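# Report on the structure
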Amino acid sequence: MQEKKKTVAIIGAGASGLMAADRLSTLRPDLSIHLFDAMPSPARKILMAGKSGLNISHRSGLANPDAFAKHYGKATDWMQPMLEEFGTKAILDWMEMLGQPHFIGSTGRIFPKVMKASPLLRALMKRLEERGTTLATKHRWIGWNEAGALLFHTEQGEQCFEADACLLALGGPSWPRLGTDGAFLTPLIAQGIACAPYRPSNCGFDVELPESFGKEWAGTPVKSVRLSFGGKSVSGDFVLSHQDPKNASGTGASDIDHCGGHCAIEGGPIYALSAPIRDALEKGGSVTLNIDLRPNLTLAQVKERLCRPRGKQSFSNHLRRSLKLQGVQAALLKALTDKSVMNDVDQLSNAIKNLSLRVTAPRPIAEAISTAGGVLLDELDETLMVKRAPGLFIAGEMLDWEAPTGGYLLTGCFSQGFRAAKGIAHYLDAKA
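All values derive from a computational prediction rather than experimental measurement. (Residues numbered from 1 in each chain as written. Predicted model: local features only at pLDDT ≥ 70, side-chain atom pairs only at ≥ 80, totals over all residues. Heavy atoms only, no water.)

With that out of the way, let us pick up the overall build of the chain. The number of helices and strands found in the chain is 17 helices and 19 strands. The 432 residues of the chain split such that 52% are buried. Of the contacts formed within the chain by residues at least 6 apart in sequence, a portion of 73% connects residues at least 24 apart. Counting only carbon and sulfur atoms, one obtains 51% of the accessible surface of the chain, whose full area is about 19900 Å². With 49 positive and 43 negative side-chain charges, the chain shows a spacing of 9 Å between the two charge centroids. (Helix = DSSP H or I, 4+ residues; strand = E, 2+ residues; numbered from the N terminus. Buried < 20%, exposed > 50% of the residue type's maximum accessible area, 1.4 Å probe, protein only. Contact = heavy atoms within 4.5 Å. Areas by Shrake-Rupley, 256 points an atom, 1.4 Å probe, with all protein chains shown as cover. Lys, Arg positive; Asp, Glu negative; His and termini not counted. Charge placed at Lys NZ, Arg CZ, Asp CG, Glu CD.)

Right under this line is the structure:
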């Protein structure tokens, strides 16, 4: 008699889940692999991220893998073996095999040559289909039934599925309209699996500025500045936004009342500093972000330019001509500086080089690019299998790790999916 195929369920057709399916179908073509996703189509987050260019990885992963791994912060030691096994170079080779060459941008970020995510996704889904992997959409995982079978909510009602091994790769609860809300932690906690609450990562923040300022300058980029917090500095542009009070995240009521809950900041440098700012806010109170409006000038050079003869020029014209400070930057300087400071060259020079902006709360998870929190890493063994639940594997953003933007998030998810696939194959072999 022919032996029945072993069945694997991969729940979540995102970066980790799809990579696990692809690798597992390569390692073990004898397996019956079933992909499930809550949405009508797979990889919604990948497709959304790819609208402005799918940032797969970063050049530092090729030039200096150790430095690349350090971008995972507290999870560096956990991520490094997976990156060594399937890191930036391996991911680029994998893309080439799928007919998608890459290019490296001026900032070091790596993209498919076509920029978009859809050609890569189509090639991958075609290969999975040819290998016999099935995809069931509109299947939202809600836990297990009394017999231990996987339980899904579908348009036809609750349905069960039995598998010899299962990978959960459900993502984090950022961008919930794309299918993930974090509710999957409830059945895991019920099984005794330790989890941390989800928190926003790579997010914007509410700041203490007058509501009128937010309304006037909403959507305006503050260009070519340097932001500093907690001993770390990042250069670039950030954007001001005006938020409706009912959408304010509100962890500091008095501060939100002061600024009407309307003013927020976001953008690359903000995201790069978001983890330490968020952590400081969680310890209590508000924090101060420092802005250098003229990072390419020294303090002495700023002072020298301010001391140049002003003649009959207005003060605003003097700032514009001597330091090219105008528009939103000049308005920000005025809004965050006392009038007495504006009349003192020494104090004004210091303010231009070290402008203090009070941060009061992170924006909600739904607005964040990614999340921290989720299943604790200590719950897993080195193959990403849950120690207390043999045959259950977890990978991707639903785990408690985080990374900055710039390709680190996707690389991390792909690496974990690759490791989980090997773990599943090993588990099934050992079980046999």
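On to the confidence of the model for the chain, then. On average, the chain scores 92 in pLDDT, and the residues at 70 or more come to 95%. For the stretch residues 247–260, pLDDT sits under 50, and the model shows 31 contacts to residues farther than four places along the chain or on other chains. (pLDDT = per-residue confidence, 0-100.)

Attention shifts here to the pattern of salt bridges. For the structure shown, the criterion picks out 22 salt bridges. Here R388 and E379 are joined by a salt bridge, their closest N and O atoms 3.1 Å apart. Judged by its relative accessible area of 11%, E379 is buried. Through salt bridges that share partners, R199, R278, D279, E282 and E402 make up one connected network. (Salt bridge = Lys/Arg side-chain N within 4 Å of Asp/Glu carboxyl O.)

Read from one edge to the other, the open sheet built from 5 strands follows the order β6-β2-β1-β10-β19, with strand pairing classed as parallel. Because the sheet does not close on itself, it has two edges, and the strands there are β6 (134–136) and β19 (392–394). The average undirected angle you get between the axes of adjacent strands in this sheet is 20°. The pairing of strand β2 (residues 32–36) with β6 spans 3 bridges and is parallel. In the strand pairing of β6, F36 is matched with A136. (Pairing = 2+ DSSP bridges. Axes fitted to C-alpha atoms, helices over the stretch in contact; angles between N-to-C directions.)

This part covers the packing of helix α12 (residues 299–306) against helix α16 (residues 345–353). Relative orientation of the contacting elements α12 and α16 amounts to 130°, with a least axis distance of 9 Å. What the angle tells us is that α12 and α16 run oblique. Remark: the crossing between α12 and α16 carries right-handed chirality. Between α12, through L299, V302, K303 and L306, and α16, the contact on the second element is made entirely by V345, D346, L348, S349, N350, I352 and K353. (Parallel < 35°, antiparallel > 145°, perpendicular 65-115°, else oblique. Left-handed = near helix turned anticlockwise from the far one by under 90°.)

Relative to the 18 Å expected for 13 residues at 1.5 Å per residue, helix α7 (residues 118–130) spans 18 Å between its end C-alpha atoms, a close match to the ideal helical length. Along α7, the residues classified as buried are P119, L120, L121, L124, M125, R127 and L128. Taken from the residues just after α7, G132 is the one with a positive phi, measuring 95°. (Expected span 1.5 Å × (residues − 1).)

Of the pairings in the sheet, the one linking strand β13 (residues 221–229) to strand β14 (residues 232–242) comprises 7 bridges and is antiparallel in character. Opposite V225, over in β14, you have G236 as the bridge partner. Where β13 hands over to β14, the hairpin turn is made up of 2 residues, of which G230 adopts a positive phi near 60°. Examined bridge by bridge, β14 and strand β15 (residues 263–266) share 4 bridges and lie antiparallel to one another.

A few words now on the packing of helix α5 (residues 76–85) against helix α17 (residues 408–431). Where α5 contacts α17, the axes come no closer than 9 Å and their chain directions differ by 80°. Relative to α17, the element α5 is oriented roughly perpendicular. Facing α5, whose interface residues are W78, M79, P81, M82, L83 and E85, α17 presents T411, G412, S415, Q416, F418, R419 and K422. The residue makeup of the contact of α5 with α17, split by class, is 6 nonpolar, 4 polar and 3 charged. (Nonpolar A, V, L, I, M, F, W, Y, C, P; charged D, E, K, R; others polar.)

One finds W94, L168 and L188 to be the most contacted residues of the largest nonpolar core, which totals 82 residues. Ranked by the residues each element gives to this core, the list is headed by α17, at 12 residues. Setting aside residues up to four positions removed in sequence, L168 forms contacts with I11, W141, L188, L392, F393, I394, A395 and M398. (Core = buried A, V, L, I, M, F, W, Y, C linked by side-chain atoms within 4.5 Å.)

Before going further, it helps to spend a moment on the pairing of strand β5 (residues 109–112). Relative to β5, strand β3 (residues 57–58) runs antiparallel, the two being bridged by 2 bridges. The residue of β5 that forms the bridge with S57 is I110. In this structure, strand β4 (residues 102–104) lies alongside β5, joined through 3 bridges in antiparallel fashion. Within β5, the residue paired with H102 across the bridge is P112. Between β4 and β5, which pair antiparallel in sequence order, lie 4 residues; one of them, G108, sits at a positive phi of approximately 95°.

This brings us to the sheet that holds strand β8 (residues 150–154). Reading across the sheet, the 3 strands line up as β7-β8-β9 and stay open at both edges, with antiparallel pairing between neighbours. At either end of the open sheet lies a strand with only one pairing partner, and these are β7 (140–144) and β9 (157–161). Direction aside, neighbouring strands of the sheet carry axes that sit 30° apart on average. Pairing geometry for β8 and β9, over 5 bridges, is antiparallel. Across the sheet, the residue bridging to F152 is Q159, located in β9.

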